[in-house]
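# Residue-level structure breakdown
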Amino acid sequence: AGTGARFQFPLAGPAGPVRRRVHQAILGRTATYNETTAEKEITVNVRLDAHLHAMADRNMLASILRNLVSNALKYTPADGRVDIRWWCDEQGAHLAVADTGIGIPAEAQTHVFEPFSQVDDSASRSYGGAGLGLAISRQLVEMMGGEIGVVSQPGHGSTFWLELPFIELQGAQN
């Protein structure tokens, strides 16, 4: 067993009510995996935009985070790292979950968001799982009008990203 989980949460700036909910969702998700991170001695870094103002369905976002973070931790070896970043720009709100795990071959990247898809689909699969988490995440992101994808290289880890569009609120003031 390891010496404990190593979390880093730089929280600069005032936390507004919407930002606080995003923080709670992300930090709550990572705290759920304390045992895994401690056992494998994985460092989890969380960076959240200090000026984050995003609206998303809390349950959908929690499910997406659960799937992306649990996969990152599952495929990251001992002493590895998982970086979670949430930020906004002119295109919308963005989430990226990057790991130093096994990576995904290019030919498998086109299928990882399909139901029952696994990077290792051999009879001796050592990572487990049903292959539904990323398919569910894709459906949820699309239901919120967003897009999800992956950038990966075998042996160098993966970055799963999503983009959610801004929505104009009636009567909203700048």
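None of the values given here were measured: they were computed from a predicted structure.

## Structural notes on the nonpolar core
Ranked by internal contacts, the top residues of the largest apolar core, which has 32 residues, are Leu68, Val82, Ile84, Leu95, Phe160 and Leu162. For this core, the secondary structure elements donating two or more residues are strand S2 (43–48), helix H3 (58–75), strand S3 (81–89), strand S4 (92–99), helix H5 (133–143), strand S5 (147–153) and strand S6 (157–164). A total of 8 residues in this core trace back to one element, the largest contributor, which is H3. Leave out the neighbours within four places in its chain, and Leu68 touches Leu95, Val97, Leu134, Phe160 and Leu162.

## Observations concerning the packing of H3 against H5
Running from N to C, H3 and H5 point in directions that differ by 145°, and their axes come no closer than 9 Å. Of the two elements, H3 crosses H5, and the hand of that crossing is left-handed. Seen from H3, the contacting residues are Met60, Ser63, Ile64, Asn67, Leu68 and Asn71; seen from H5, they are Gly133, Leu134, Ile136, Ser137, Leu140, Val141 and Met143. Among the residues making up the contact of H3 with H5, the classes are represented as 8 nonpolar, 5 polar and no charged.

## As for the pattern of salt bridges
The final tally for this structure, using the stated rule, is 1 salt bridge. Among the salt bridges present, the one from Arg81 reaches Asp83, with a minimum N-O distance of 2.9 Å. Residue classification places Arg81 among the partly exposed residues on the basis of a relative accessible area of 37%.

## Some words on the environment of Asn59
Its location among the elements puts Asn59 in helix H3. Distance in space between the C-alpha atoms of Asn59 and Leu140 is 9.7 Å, their sequence separation being 81 residues.

## Side note on the pairing of S3
Here S3 shows a buried face lined by Val82, Ile84, Trp86 and Cys88 and an unburied face lined by Arg81, Asp83, Arg85, Trp87 and Asp89. Strand direction decides the pairing type here: S2 and S3, joined by 6 bridges, are parallel. Along S3, the bridge assignment pairs Arg47 with Arg85. Two elements, S3 and S4, share 8 bridges in a ladder whose sense is antiparallel. By the bridge assignment for S4, Cys88 is matched with Ala93. With antiparallel pairing between neighbouring strands as the criterion, S3 and S4 make up a hairpin whose turn holds 2 residues.

## Some details on a nonpolar patch on the surface
On the surface, Phe116, Leu132 and Ile136 cluster together into a nonpolar patch covering about 290 Å² of accessible area. Here Phe116 lies in the loop between helix H4 (106–109) and H5.

## Some words on the side chain of Asp99
Structurally, Asp99 is set in strand S4. For Asp99, the side chain forms a polar contact with the main-chain nitrogen of Gly101, separated by 2.8 Å. With near-sequence residues (within four places) excluded, Asp99 lies in contact with Ala72, Thr76, Arg81, Val82, His156, Gly157 and Ser158.

## What about H5?
Considered for burial, the residues of H5 that qualify are Leu134, Ala135, Ser137, Leu140 and Val141. With its phi angle positive at about 80°, Gly145 sits one or two positions after the end of H5.

## A short note on the confidence of the model for the chain
Summing up the model confidence of the chain, the mean pLDDT is 75 and the portion of residues at 70 or higher is 63%. In the model of the chain, strand S1 (residues 6–8) stands out as the element of lowest mean pLDDT, 39, in contrast to S5, which has the highest, 96. The low-confidence segment residues 1–20, where pLDDT is below 50, has 42 contacts with residues more than four positions distant or belonging to other chains. The low-confidence segment residues 169–174, where pLDDT is below 50, has 1 contact with residues more than four positions distant or belonging to other chains.

## What about H3?
Taking 1.5 Å of rise per residue, 18 residues should cover 26 Å, and H3 covers 26 Å from first to last C-alpha, within 8% of that figure. Burial in H3 covers these residues: Met60, Leu61, Ser63, Ile64, Leu65, Asn67, Leu68, Val69, Asn71, Ala72, Leu73 and Tyr75.

What counts and what doesn't
- Within any chain, residue numbers begin from 1 and follow the written order of that chain's sequence.
- Local features in this predicted model are restricted to residues whose pLDDT is 70 or higher, and side-chain atom pairs enter the listing and the counts only when it is 80 or higher, whereas totals over whole chains, interfaces and linings include all residues.
- The side-chain figures draw on all heavy atoms in the structure; neither hydrogens nor water molecules are used.
- By nonpolar core is meant a set of buried Ala, Val, Leu, Ile, Met, Phe, Trp, Tyr and Cys residues that side-chain atoms within 4.5 Å join together.
- Throughout this description, buried means an accessible area under 20% of the type-specific maximum (1.4 Å probe, protein chains only), exposed means over 50%, and partly exposed covers the range between.
- Only DSSP runs of H or I with at least four residues qualify as helices, and only runs of E with at least two residues qualify as strands; both kinds are numbered from the N terminus onward.
- Throughout, a residue-residue contact means that at least one pair of heavy atoms, one from each residue, lies within 4.5 Å.
- In this description, a line fitted to the C-alpha atoms serves as the axis of each element, helices being fitted only across the stretch in contact, and the angle between N-to-C directions of two axes falls anywhere from 0 to 180 degrees.
- Whether a crossing is left-handed or right-handed is set by the direction in which the near helix is turned from the far one by less than a right angle, anticlockwise for left-handed and clockwise for right-handed.
- Residue type decides the class: Asp, Glu, Lys and Arg count as charged, Ala, Val, Leu, Ile, Met, Phe, Trp, Tyr, Cys and Pro as nonpolar, and the leftover types, Gly among them, as polar.
- Think of a salt bridge as a Lys or Arg side-chain nitrogen and an Asp or Glu carboxyl oxygen that are within 4 Å of each other.
- Two strands pair if DSSP finds at least two bridges between them.
- Nonpolar side chains (Val, Leu, Ile, Met, Phe, Trp, Tyr) are joined into patches within 5 Å and like charges within 9 Å, using only residues with over 30% relative accessible area and no salt bridge.
- Residue burial considers only the protein chains on display, and all accessible areas are found by Shrake-Rupley using a 1.4 Å probe.
- The term polar contact refers here to a pair of N or O atoms within 3.5 Å; inside protein, the definition further demands a hydrogen-donor-capable atom paired with an acceptor-capable atom, and it admits residues adjacent in sequence only when both atoms are side-chain atoms.
- On a scale of 0 to 100, pLDDT captures the predictor's confidence in every residue.
- Multiplying 1.5 Å by the residue count of a helix minus one yields the expected span of that helix.

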